[in-house]
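This is what each chain is made of:
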Amino acid sequence: MQFRQKALSKLQSPEEIDLPVRFARPQGLLVLTVTVLAMAAAAVWAVTGSVSSTLTAPGVLTHGKGSYILQSPVAGQVTGVLAEEGDHLPADAPLLKVRSPQGGDSVVRTIAAGRVTALVATIGSVVTTGSDVAAVERVEAEDAPLMAMVYVPADRGATVPVGASVDLTVQSVPTQTYGVLRGRVKAVGRTAQTRQRITAFLGNSQLGEQFSRAGQPVAVLVELERSSSTRTGYAWSTSDGPAYALDSMTLVSASVHLASQAPIDWLLP
């Protein structure tokens, strides 16, 4: 109480009346200025700013036109394999020879031009009518550009805009050494894909099961950015990328960069 009375008496002293009143010290003014500037910047960002988010989803490199499963039109024993996995074949090209129990030979031919991605039948194996013997990816030329088919959850498909940038981690490429592939969203599917539809498009039942394990996804087609300065012919986050070519049907993990306006809801008491 003694200190308080001394302070009050000093303020009431006539000698102190002509002195200016100090509302804040210089340090306090600096803190006040910084606080006001920060609040002003936050208000501007709340109106004009945006928040960037990333959607991660699995996918596979492909040529965009899908694949088809080649089935044997007859039952019998395979007596000749006329192509190998990786071969590019034109439409109606002979792929297998099958000898029926009656002794006649039949030739299994491709339906459309493409690359043989899987060859199930081998010489001496027995096939039945309608059994799967090969998977062929639809591609007309060997130098056709690769794309990526990414399968995102159905409830997130509407958030993916056409033109969004995409980073693709390629399963067969060390990321720490060569970085990631660059791409952009070219098209977004409108309907969810069943396991059967994914299998039919990719020509691979295992991938159909894998991509639909968490539910029916939406297919997103990603166009890879081209580059003449890399050996792969595509743009990477590093300057060169790997020194070997990329193959279709290689698994990837896609990070789709989404940008959305993010206004702030001010909570008033």
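Residues numbered from 1 in each chain as written. Predicted model: local features only at pLDDT ≥ 70, side-chain atom pairs only at ≥ 80, totals over all residues. Heavy atoms only, no water.

### Remarks on the overall build of the protein chain
When helices and strands are tallied, the protein chain shows five helices and 14 strands. By residue count, 36% of the 269 residues in the protein chain fall in the buried class. By sequence separation, contacts in the protein chain at least 24 residues apart represent 72% of the contacts at least 6 residues apart. When the accessible surface of the protein chain is totalled, it reaches about 16600 Å², and 56% of it is carbon and sulfur. (Helix = DSSP H or I, 4+ residues; strand = E, 2+ residues; numbered from the N terminus. Buried < 20%, exposed > 50% of the residue type's maximum accessible area, 1.4 Å probe, protein only. Contact = heavy atoms within 4.5 Å. Areas by Shrake-Rupley, 256 points an atom, 1.4 Å probe, with all protein chains shown as cover.)

### What about the layout of surface pockets?
To locate leftover empty space, one rolls a probe as large as a water molecule over the atoms. Each pocket or cavity is described by its volume, and for the largest pocket that value is around 230 Å³. Every residue lining the largest pocket is counted, 15 residues in all, and those nearest its centre are H63, E142, A144, L146 and L246. (1 Å grid on protein atoms, 1.4 Å probe; cavity = no way out; pocket = protein on both sides within 12 Å on 5 of 7 lines; lining within 4 Å. Points joined across faces, edges and corners; volume = space filled by probe spheres on them.)

### Remarks on unusual backbone geometry
The backbone phi angle of D92 is positive, close to 65 degrees, even though this residue is not glycine. Assignment of secondary structure puts D92 in the loop between β4 (88-89) and β5 (94-99). Non-glycine residue M249 carries a positive phi angle of around 70 degrees. With respect to the secondary-structure elements, M249 resides in the loop between β13 (217-224) and β14 (251-261).

### A word on the pairing of strand β10 (residues 147-153)
Counting buried positions over the seven residues of β10 gives six, a clear majority of the element. Pairing of β10 with β13, which is carried by seven bridges, proceeds in the antiparallel orientation. The residue of β13 that forms the bridge with Y151 is A219. (Pairing = 2+ DSSP bridges.)

### Side note on the packing of aromatic side chains
Summed over all chains, the structure comprises one aromatic pair. Ring centres of Y151 and F211 lie 4.9 Å apart, and the angle between their planes is 25 degrees; this geometry places the pair in the stacked category. Separated by 60 residues along the polypeptide, Y151 in strand β10 and F211 in helix α5 (residues 205-211) bring together distant segments of the chain. Take Y151 and F211: they sit in the same class, and that class is buried. (Phe/Tyr/Trp six-rings, centres within 6.5 Å; stacked < 30°, edge-to-face > 60°.)

### A word on the pattern of salt bridges
Under the counting rule described, the total for this entry stands at five salt bridges. One salt bridge connects D105 with R99, and the closest N-O pair in it is separated by 2.9 Å. For D105, a relative accessible area of 47% translates into the label partly exposed. By relative accessible area, which is 42% here, R99 ends up partly exposed. (Salt bridge = Lys/Arg side-chain N within 4 Å of Asp/Glu carboxyl O.)

### Here we look at the sheet that holds strand β8 (residues 126-127)
Reading across the sheet, the four strands line up as β6-β5-β3-β8 and stay open at both edges, with antiparallel pairing between neighbours. For this open sheet the edge positions go to β6 (105-109) and β8, each flanked by a neighbour on one side alone. Sheet analysis places strand β3 (residues 76-81) next to β8, joined by two bridges and oriented antiparallel. The residue of β8 that forms the bridge with G76 is V127.

### Some remarks on the nonpolar core
Residues V150, L168, L181, L246 and V256 are the most contacted members of the largest nonpolar core, which totals 26 residues. For L181, the contacting residues outside a window of four places in its chain are V166, D167, L168, V170, L224, Y234, A235, W236 and L246. Formed by 18 residues, the second largest nonpolar core is a distinct cluster that contains Y68, L89, L119 and A134. (Core = buried A, V, L, I, M, F, W, Y, C linked by side-chain atoms within 4.5 Å.)

### Some thoughts on the side chain of T110
Mapping T110 onto the fold places it in the loop between β6 and β7 (114-119). For T110, a relative accessible area of 5% corresponds to the buried category. At 2.8 Å, the side chain of T110 and the backbone oxygen of P90 are in polar contact. If we skip the residues at most four places from it in the chain, T110 touches Y68, L70, L89, P90, A91, D92 and A93. (Polar contact = N/O pair within 3.5 Å; in protein donor to acceptor, adjacent residues only side chain to side chain.)

### A closer look at the environment of A254
Here A254 lies in strand β14. Sequence-wise, A254 and R182 are 72 residues apart; in three dimensions their C-alpha atoms are separated by 9.8 Å. Residues within four places of A254 in sequence aside, it is in contact with L55, T56, A57, V150, V166, D167 and L168.

Keep in mind that these numbers describe shape and distance, not what the molecule does.
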